[in-house]
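The lines below spell out each chain.
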Amino acid sequence: MADSTDKNKEDELAGTEQPFVAHLMELRDRLLYCVYGLAVAAALLAFWPGPAGLIDLIAIPIRAHMPEGAKLIAVGVFSPFFVPLKVLGMTAVLLALPWLMYQIWMFVAPGLYSHEKKFALPLILFGSLLAYAGIGFVQFFVLDKMFGFIQRFTPPSVNATPDISSYVEAILSLYIAFGCAFQVPIVVMLLVRFEMVTIEKLRSFRGYFIVLSFVVAAVLTPPDVVSQLALAIPMCLLYEVGIIAARYFVKHSAAPAEEGADSPQS
């Protein structure tokens, strides 16, 4: 009976194979849908709040610590034109992120078993939410504390008026760093799910991960204590979240054959 059941499970994807050209056509369609989604998001953002409004929004953290009436400057000749467009494109990607992740899901879903589909889509959505959380953490907490810390070291004879291009580059790197670092629970759960490591091993590795978190923070963030602590501490907390979630995740994403192996045989 068990062999028959296993065979039926192994044949779940039988007959669903497609020619290589069909996969290329499907990939082309998904990429086009991604482009359409980005175009719609960019058009909406261009209408409101507009490129200038987006620049004003991301400049709030640093302008709060600049002298009264001071503004960011544009050193490059083309910076006033290209920097707002760059910010618009970056924000459009963030706005369309769920749609982009959905297209990835639709491309890979036909090749997944039913038990894999149960956890793949929630995992994608959870990863998107974690990326938003990381970027929001940067915008509404890290930048304010970081610039406040840096400005306290500015000599009275120096007028701190940063260049808009370098400012956007700096915060973009922080967005990417925190968005990726906040994926720690996803990585932990997948490592346990695919039996690359056990939960017990992850717990014993906790001390090493704390050191690793501070090393990663020192490499990915500017050379100030505030931003480094702001990245390392959440990574350590998210590591613990991943360990806790991994047990639940593995239990509810197991294949039917794996679940049956744990049950008593009649």
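Residues numbered from 1 in each chain as written. Predicted model: local features only at pLDDT ≥ 70, side-chain atom pairs only at ≥ 80, totals over all residues. Heavy atoms only, no water.

Each helix and strand counted, the protein chain has 13 helices and 0 strands in total. The N-to-C order of helical and strand elements in the protein chain reads α-α-α-α-α-α-α-α-α-α-α-α-α. In the protein chain, which comprises 266 residues, the proportion classed as buried is 35%. Of the contacts formed within the protein chain by residues at least 6 apart in sequence, a portion of 84% connects residues at least 24 apart. Here the protein chain has roughly 16,000 Å² of accessible surface; of this, 71% comes from carbon and sulfur atoms. (Helix = DSSP H or I, 4+ residues; strand = E, 2+ residues; numbered from the N terminus. Buried < 20%, exposed > 50% of the residue type's maximum accessible area, 1.4 Å probe, protein only. Contact = heavy atoms within 4.5 Å. Areas by Shrake-Rupley, 256 points an atom, 1.4 Å probe, with all protein chains shown as cover.)

Across all of its chains, the model carries 12 aromatic pairs by this definition. With 6.1 Å between their ring centres and 65° between their planes, Phe78 and Phe82 make a pair best called edge-to-face. Look at Phe78 and you get exposed, because its relative accessible area is 58%. Classification of Phe82 by relative accessible area gives partly exposed; the value is 48%. A ring pair is formed by Phe137 and Phe182, whose centres lie 6.1 Å apart and whose planes are at 40°; its orientation type is tilted. (Phe/Tyr/Trp six-rings, centres within 6.5 Å; stacked < 30°, edge-to-face > 60°.)

Across the protein chain, the average pLDDT comes to 85, with 88% of residues at 70 or higher. Contacts of residues 4-9 to residues separated by more than four positions or lying in other chains number 4 contacts, the stretch itself having pLDDT below 50. Between residues 261-266, whose pLDDT stays under 50, and residues either more than four places distant or in other chains, the model counts 1 contact. (pLDDT = per-residue confidence, 0-100.)

The next point concerns helix α12 (residues 225-252). Taking 1.5 Å of rise per residue, 28 residues should cover 40 Å, and α12 covers 40 Å from first to last C-alpha, within 8% of that figure. Maximal helix bending in α12 amounts to about 30°, located at Ala245. Two or three places before Val226, at the start of α12, stands the capping residue Asp224, its side-chain oxygen 3.3 Å from that residue's backbone nitrogen. (Expected span 1.5 Å × (residues − 1). Bend = angle between axes of the 7 residues up to and from the residue. Polar contact = N/O pair within 3.5 Å; in protein donor to acceptor, adjacent residues only side chain to side chain.)

The next thing to look at is a nonpolar patch on the surface. A surface patch of nonpolar side chains, amounting to about 630 Å² of accessible area, comprises Phe20, Leu24, Leu27, Leu31, Ile104, Phe107 and Val108. Of all the elements in the fold, those that place two or more residues in the nonpolar patch are α2 (20-47) and α6 (97-108). No other element matches α2, which puts 4 residues into the nonpolar patch. Relative to the assigned elements, Leu27 resides in helix α2. (Patch = residues over 30% accessible without salt bridge, like charges linked within 9 Å, V, L, I, M, F, W, Y side chains within 5 Å. Salt bridge = Lys/Arg side-chain N within 4 Å of Asp/Glu carboxyl O.)

All right, on to the packing of helix α3 (residues 50-58) against helix α5 (residues 79-95) then. The interhelical angle for the contact between α3 and α5, taken along N-to-C directions, is 80°, at an axis separation of 9 Å. Judged by the angle between their axes, α3 and α5 are roughly perpendicular. Contact residues: α3 offers Pro51, Leu54, Ile55 and Ile58, while α5 offers Val83, Pro84, Val87, Leu88 and Thr91. In the contact of α3 with α5, the residues fall into 8 nonpolar, 1 polar and no charged. (Axes fitted to C-alpha atoms, helices over the stretch in contact; angles between N-to-C directions. Parallel < 35°, antiparallel > 145°, perpendicular 65-115°, else oblique. Nonpolar A, V, L, I, M, F, W, Y, C, P; charged D, E, K, R; others polar.)

Now for the nonpolar core. Counting 55 residues, the largest nonpolar core has Ile58, Val87, Leu143, Tyr167, Tyr175 and Phe178 as the members making the most contacts within it. Not counting chain neighbours up to four residues away, the residues in contact with Tyr167 comprise Ile58, Ala59, Pro61, Ile62, Leu72, Leu143 and Phe147. Grouped together as the second largest cluster of nonpolar side chains are 5 residues, Trp105, Ala109, Ala120 and Ile124 included. (Core = buried A, V, L, I, M, F, W, Y, C linked by side-chain atoms within 4.5 Å.)

A cis geometry characterises the amide bond from Trp48 onward to Pro49, with omega recorded as 10°. Along the chain, the position of Pro49 falls in the loop between α2 and α3. In this structure, Glu195 takes a positive phi of about 60° despite not being glycine. In this fold, Glu195 is placed in the loop between α9 (184-193) and α10 (199-204).

Let us now look at the environment of Ile62. Relative to the assigned elements, Ile62 resides in helix α4 (residues 60-63). Judged by relative accessible area, Ile62 falls into the buried class, the value being 3%. Distance from Ile62 to Pro162, taken between C-alpha atoms, is 9.0 Å for residues 100 residues apart in sequence. In this structure Ile62 touches Leu72, Phe147, Pro162 and Tyr167, once residues within four positions along its chain are discounted.

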